[in-house]
Amino acid sequence: MAGPAAAALCGKEEKVLGAQKAPGSCPYCGGGVAATDVEAKWVLCCLPLCRRTKRRFTCTACARRLVTYPAILHD
Ligand SMILES: [Zn+2]
């Protein structure tokens, strides 16, 4: 079996788990805000080291990343 060379699977993988509408509006253009849940996984030589889910806010109108969006979602 001539298997393929093992890929150097080191680095960070990101998988989008889902997106939903977030309350509030974009501070730049007043458009709607979407909350995207992203699972980030750090992989070192095929061994998953660390997995973290984070929520990312983006504007649906101007597509800006709202990194300073206030954390008003606690539920
Ligand atoms: Zn916007």
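Colleague: Sorry if this is basic, but what is going on with the confidence of the model for the protein here?
Modeller: Interpretation of this model should avoid reading the predicted coordinates in detail wherever pLDDT is low. On average, residues of the protein carry a pLDDT of 81, and 77% of them reach 70 or more. Ranking the elements of the protein by mean pLDDT puts strand β3 (residues 47-59) last with 87 and strand β1 (residues 11-25) first with 91.

Colleague: Would you explain unusual backbone geometry in this entry?
Modeller: If a residue is not glycine, its phi is most likely negative; likewise, a peptide bond is most likely trans. We note that A63 has phi near 60°; this positive angle belongs to a residue other than glycine. Along the chain, A63 turns up in the segment after β3. Judged by the 11 C-beta atoms lying within 10 Å of it, A63 is exposed.

Colleague: Is there a simple way to think about the sheet that holds β1 in this case?
Modeller: Sheet strands pair via backbone hydrogen bonds, and the direction of the pair is either parallel or antiparallel. Taken in spatial order, the 3 strands make up an open sheet running β1-β2-β3, and their pairing is antiparallel. A single partner strand is all that each edge strand has here, and the edge strands are β1 and β3. Averaged over all neighbouring strand pairs, the angle between strand axes comes to 15°, with direction disregarded. By the bridge criterion, 12 bridges tie β1 to strand β2 (residues 32-44) in an arrangement that is antiparallel.

Colleague: Sorry, what's going on with the pairing of β1 here?
Modeller: Burial of β1 is sparse: only 0 of the 15 residues sit out of reach of the surface. Counting the residues in the hairpin turn of β1 and β2 gives 6 residues, including G30, whose phi is positive at 80°.

Calculation rules
- Residues numbered from 1 in each chain as written.
- Predicted model: local features only at pLDDT ≥ 70, side-chain atom pairs only at ≥ 80, totals over all residues.
- pLDDT = per-residue confidence, 0-100.
- Helix = DSSP H or I, 4+ residues; strand = E, 2+ residues; numbered from the N terminus.
- Buried ≥ 20, exposed ≤ 12 C-beta atoms within 10 Å, placed from the backbone.
- Pairing = 2+ DSSP bridges.
- Axes fitted to C-alpha atoms, helices over the stretch in contact; angles between N-to-C directions.

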